[in-house]
Amino acid sequence: MSMIAAFYGGKSILITGATGFMGKVLMEKLFRTSPDLKVIYILVRPKAGQTLQQRVFQILNSKLFEKVKEVCPNVHEKIRAIYADLNQNDFGISKEDMQELLSCTNIIFHCAATVRFDDTLRHAVQLNVTATQQLLLMASQMPKLEAFIHISTAFSNCNLKHIDEVIYPCPVEPKKIIDSLEWLDDAIIDEITPKLIGDRPNTYTYTKALGEMVVQQESGNMNIAIIRPSIVGATWQEPFPGWVDNLNGPSGLIIAAGKGFLRAIKATPMAVADLIPVDTVVNLTLAVGWYTAVHRPKSTLVYHCTSGNFNPCNWGKMGFQILATFEKIPLERAFRRPYADFTTNNFTTQYRNAVSHRAPAIIYDFYLRLTGRKPRMTKLMNRLLRTVSMMEYFVNQSWEWSTYNTEMLMSELSPEDQRVFNFDVRQLNWLEYIENYVLGVKKYLLKEDMAGIPEAKQHLKRLRNIHYLFNTALFLIAWRLLIARSQMARNVWFFIVSFCYKFLSYFRASSTLKV
Ligand SMILES: CCCCCCCCCCCCCCCCCCCCCCCCCCCC(=O)SCCNC(=O)CCNC(=O)[C@H](O)C(C)(C)COP(=O)(O)OP(=O)(O)OC[C@H]1O[C@@H](n2cnc3c(N)ncnc32)[C@H](O)[C@@H]1OP(=O)(O)O
Ligand SMILES: NC(=O)C1=CN([C@@H]2O[C@H](COP(=O)(O)OP(=O)(O)OC[C@H]3O[C@@H](n4cnc5c(N)ncnc54)[C@H](OP(=O)(O)O)[C@@H]3O)[C@@H](O)[C@H]2O)C=CC1
């Protein structure tokens, strides 16, 4: 019997960010392994014209929850969606709902965040810092609370090369930042943002670090733990391999490469690609929830959920395997044949951006205009290049995360819990994982049918022929222009032609002799 699964039985669990990538997998695993849990409260806002109930309905009716419905048929009754917008004071939660949350909650998993790299400091602080502070305040008023688990990121201290499982202080106190953002106007905030984030690459990593400081400062008597996952990717094993439903991290770039848009990326092939499957993160999170509530460590423990030190894979191997998978399982309606490589300096990156990204987009837009359609490729390409440039920081260096606490926890689990809540990435086969990831991107993210693979392969063949035809025409035009302008080119041309003529004459004469 799994001790962790039993622990969650009968519990009232509060999850923020349950509609997000990680939140959904967390809920799924909880329902599947502890169907006797009492209730999961999820803080949700209406979005994209959907009410809370419609959002929950959509999640529960997705493929991800198919197994859950078998083991927990009354799952609908065990989810309680509570209106909450983390941008508002008290999250805009009604008095009755707040009362219920305060009096019933046993465990909190705080997953909600803005993960955008380009968010304004104001918004990133509101969500990743102030909302965390408010949630901790709520938690401190919960008499039945057993554990509060905060999801941070392994990159919250990416300005360091070696990162320990400790909370590092930021030069400016979070409270001072929160206070000053209240009265500073947006223009001034934009101006001071680079100074505040210092040697971090974006507001995301900076505000996640501030969020950790807030957790430390407001922890009081609560049992709190922080989880720091690295780059979270598709599921490895559970509930099935390859599930992914958003474009964050590598997923968007995998699509861009598969559709033939992405031709080059400034990356260091030997740098460690510290990806971690989302189900591994969820298993560790649930194990930490159990350990924190039952063993009540004296201080706030930080757990690194990374792969680099256990089972490293580098970007070269990952990129190669992604492209190899597209040979077998191509995406539909590709713009060009998938091919990409790594550039290593700014000059080659600029060159490749001009020649391999922008020029084909301009040519295609010209073709769209000629055929009376609206040009769109240049805009799309600019967006892609902007995204790629934001990722560059993370694919050109390696970090070392110590994993003392994570290993300690692993050794504390019973063999059954190590199996059911497996977070040992030493068992992960990267080539298999990446292949399933690419397949998952195709099936679950792009919703492409596997029956369309032969047609996708035909399409790639047509693209290859167009490519050869285009290159030959380009060569002939360039050559013709050169001959018209240069005596030297003309001489070379006549030499080649006469050489070919002589060779053919000799070949014809010798074959006549043989007859
Ligand atoms: C030895 C040599 C061998 C040779 C081999 C050759 C190898 C060749 C390589 C080929 C393979 C290519 C694949 C390589 C993989 C490299 C992957 C590198 C990934 C590194 C990721 C590091 C991240 C680590 C950070 C830490 C982790 C975290 O803690 S948080 C999670 C990470 N967060 C994110 O990823 C958020 C990023 N997103 C954003 O910040 C924003 O969305 C944006 C700035 C990217 C875009 O903002 P914008 O306002 O322009 O757009 P938005 O409104 O968001 O969306 C507009 C449309 O764009 C689509 N979109 C959104 N995000 C992405 C995305 N990431 N990629 C692509 N498209 C995206 C979005 O859906 C919208 O589309 P429409 O709705 O159709 O308009
Ligand atoms: N993905 C990754 O690679 C990594 C993620 N992490 C961390 O893991 C956690 C989960 O990330 P992930 O699932 O990928 O992120 P997602 O972007 O998929 O999910 C974010 C969640 O936060 C919710 N949210 C955002 N703003 C608000 C708001 N104003 N009010 C209420 N809810 C809000 C979203 O709700 P809605 O659906 O309404 O937008 C969504 O449920 C985050 O803390 C992130 O920092 C750490 C390392 C890597």
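All residue numbers refer to positions counted from 1 along the written sequence of the respective chain. Labels follow written order: the first chain is A, the first ligand is 1, and so on. pLDDT decides what is reported in this predicted model: residues at 70 or higher carry local features, side-chain atom pairs at 80 or more are listed and counted, and totals for whole chains, interfaces and linings draw on all residues regardless. In computing side-chain values, all of the structure's heavy atoms are included and hydrogens and water are not.

Short version of the rule: UniProt positions are given in the numbering used here, feature names are shortened, and annotations may be inferred rather than shown by experiment.
Looking at an unreviewed UniProt entry, one finds the protein named Fatty acyl-CoA reductase, with Saimiri boliviensis boliviensis as its source organism. Regarding the protein, the relevant UniProt record gives this comment under Sequence similarities (unreviewed entry): "Belongs to the fatty acyl-CoA reductase family."

Concerning the site of ligand 2
So the rule is basically this: Being near a molecule or strand, for a residue, comes down to having at least one heavy atom within 4 Å of it. Counting of polar contacts relies on pairs of N or O atoms within 3.5 Å, with two restrictions inside protein: one atom must be capable of donating a hydrogen and the other of accepting it, and residues adjacent in sequence are counted only when both atoms are side-chain atoms. Here the Shrake-Rupley method, with its probe set to 1.4 Å, supplies the accessible areas, and only the displayed protein chains count as covering residues. Classification used: nonpolar for Ala, Val, Leu, Ile, Met, Phe, Trp, Tyr, Cys and Pro, charged for Asp, Glu, Lys and Arg, polar for all others including Gly.
In the neighbourhood of ligand 2, 27 residues make up the surrounding shell, with Thr19, Arg45, Lys47, Arg55 and Tyr204 lying closest. Between an oxygen atom of ligand 2 and a main-chain N or O atom of glycine 17, the distance comes to 3.3 Å. Summarising the interface, the protein chains cover 91% of the accessible area of ligand 2, which totals 880 Å² for the free molecule. For the shell around ligand 2, a count of residues per class yields 14 nonpolar, 8 polar and 5 charged.

Let's talk about the site of ligand 1
Taken together, 33 residues are adjacent to ligand 1, and Arg116, Phe117, Tyr204, Leu247 and Gly249 come closest. A distance of 3.2 Å separates a nitrogen atom of ligand 1 from a polar backbone atom of valine 115. Within the contact set of ligand 1, an oxygen atom lies 2.7 Å away from a side-chain nitrogen or oxygen of tyrosine 204. Look at ligand 1: alone it shows 1600 Å² of surface, and the protein chains cover 75% of it.

Quick notes on the pattern of salt bridges
Opposite charge on two side chains allows them to pair when their charged atoms are near. Short version of the rule: The working definition used for a salt bridge is a side-chain nitrogen of Lys or Arg within 4 Å of a carboxyl oxygen of Asp or Glu. In this text, helices come from DSSP runs of H or I with a minimum length of four residues, and strands from runs of E with a minimum of two, each type numbered from the N-terminal end. Burial classes: relative accessible area under 20% of the type maximum marks a residue as buried, over 50% as exposed, and values in between as partly exposed (1.4 Å probe, protein chains only).
Tallying each qualifying case throughout the model produces 21 salt bridges. Note that glutamate 146 is salt-bridged to lysine 11, the shortest N-O span being 3.8 Å. Taken together, the residues glutamate 146 in the loop between α7 (121–139) and β5 (147–151) and lysine 11 in the loop between α1 (3–8) and β1 (12–16) connect sequence positions 135 residues apart. Judged by relative accessible area, glutamate 146 falls into the partly exposed class, the value being 24%. Taking the shortest distance from any N to any O, the salt bridge between arginine 80 and aspartate 97 comes out at 3.0 Å. In this pair, arginine 80 sits in strand β3 (residues 79–83) while aspartate 97 sits in helix α6 (residues 95–104), placing the two residues 17 residues apart along the sequence. Relative accessible area serves as the criterion here: at 26%, arginine 80 is assigned to the partly exposed category.

Some details on unusual backbone geometry
The omega torsion across glutamate 238 and proline 239 is -5 degrees, close enough to zero to call that bond cis. Structurally, proline 239 is set in the loop between β8 (231–233) and α11 (250–258). Residues other than glycine seldom take positive phi values, yet alanine 48 does so here, at roughly 50 degrees. Tracing the backbone through its elements, the reader meets alanine 48 in the loop between β2 (39–44) and α3 (52–60). Even without being a glycine, phenylalanine 91 presents a positive backbone phi close to 60 degrees. Look at phenylalanine 91 and you get buried, because its relative accessible area is 1%.

Some thoughts on the domain arrangement of the protein
The criterion, for reference: Here the bounds of each domain stem from an automatic or database domain assignment.
The assigned domain composition of the protein is domain 1 (3–230 + 274–310 + 403–422), domain 2 (242–269 + 318–398) and domain 3 (457–514). Taking the mean C-alpha position of each, domain 1 and domain 3 sit 64 Å from one another.

Some remarks on the UniProt feature "transmembrane region" (unreviewed entry) in the protein
Mapped onto this numbering, the UniProt entry annotates "transmembrane region" (unreviewed entry) at residues 466–483 and 492–509. In the segment residues 492–509, helix accounts for 100% and strand for 0%; the C-alpha atoms at its two ends are 26 Å apart.

Considering the sheet that holds strand β4 (residues 107–110)
How we decide: When DSSP finds at least two bridges between two strands, those strands are taken to pair. A fitted line through C-alpha atoms represents every axis, and for helices the fit uses only the stretch in contact; the resulting angles, taken between N-to-C directions, go from 0 to 180 degrees.
Strand order in this open sheet of 7 strands is β3-β2-β1-β4-β5-β7-β11, and the pairing throughout is parallel. Where the open sheet ends on each side, the last strands, each with one partner, are β3 and β11 (301–305). Taken pair by pair, the neighbouring strands of this sheet meet at an average axis angle of 20 degrees, ignoring direction. Bridge count for β2 against β3 is 5 bridges, and the pairing is parallel. Paired with tyrosine 41 across the two strands is arginine 80, which belongs to β3.

With respect to the packing of helix α14 (residues 346–370) against helix α15 (residues 377–395)
Here is the rule: Oblique is the label for any angle not under 35 degrees, not over 145, and not in the 65 to 115 range, which are roughly parallel, roughly antiparallel and roughly perpendicular in turn. Crossings are sorted by hand: turned counterclockwise from the far helix by less than a right angle, the near helix makes the crossing left-handed, and turned clockwise it makes it right-handed. We call two residues in contact when some of their heavy atoms are within 4.5 Å.
Between α14 and α15, whose axes approach to 8 Å, the crossing angle comes to 155 degrees. One way to sum up the angle between α14 and α15 is to call them roughly antiparallel. Read as a crossing pair, α14 and α15 show a hand that is right-handed. Contact residues: Thr349, Asn353, His357, Arg358, Ala361, Ile362, Tyr364 and Asp365 in α14; Met377, Thr378, Met381, Asn382, Leu385 and Glu392 in α15.

So, the pairing of β11
Successive side chains on a regular strand alternate, one facing one side of the sheet and the next facing the other. In terms of burial, β11 is a largely internal element, 5 of the 5 residues being buried. Every second residue of β11 is oriented toward a common face, with Leu301, Tyr303 and Cys305 on one face and Val302 and His304 on the other, all of them buried. Here strand β7 (residues 224–229) runs beside β11; their pairing, made up of 5 bridges, is parallel. Residue pairing in the sheet places isoleucine 226 in a bridge with valine 302 of β11.

Some thoughts on the side chain of asparagine 283
With respect to the helices and strands, asparagine 283 occurs in helix α12 (residues 278–295). In this structure asparagine 283 comes out as buried when scored by relative accessible area, which is 3%. Residue contacts for asparagine 283: discarding those within four places in its chain leaves Lys29, Glu238, Val420, Phe421, Asn422 and Phe423.

Concerning the UniProt feature "domain: Fatty acyl-CoA reductase C-terminal" (unreviewed entry) in the protein
Residues given the UniProt feature "domain: Fatty acyl-CoA reductase C-terminal" (unreviewed entry) here are residues 357–448. Span residues 357–448 is 70% helix and 2% strand, its end C-alpha atoms 25 Å apart.

Re a nonpolar patch on the surface
For clarity, the cut-off: Any residue with relative accessible area above 30% and no salt bridge may belong to a patch, with like charges joined within 9 Å and the nonpolar Val, Leu, Ile, Met, Phe, Trp and Tyr side chains within 5 Å.
There is a patch of nonpolar side chains on the surface, built from Met488, Val492, Phe495, Ile496, Phe499, Phe503, Leu504 and Phe507 and spanning about 890 Å² of accessible area. With respect to the helices and strands, the residue methionine 488 is situated in helix α20 (residues 487–514). Methionine 488 gets classed as exposed once you look at its relative accessible area, which sits at 64%.

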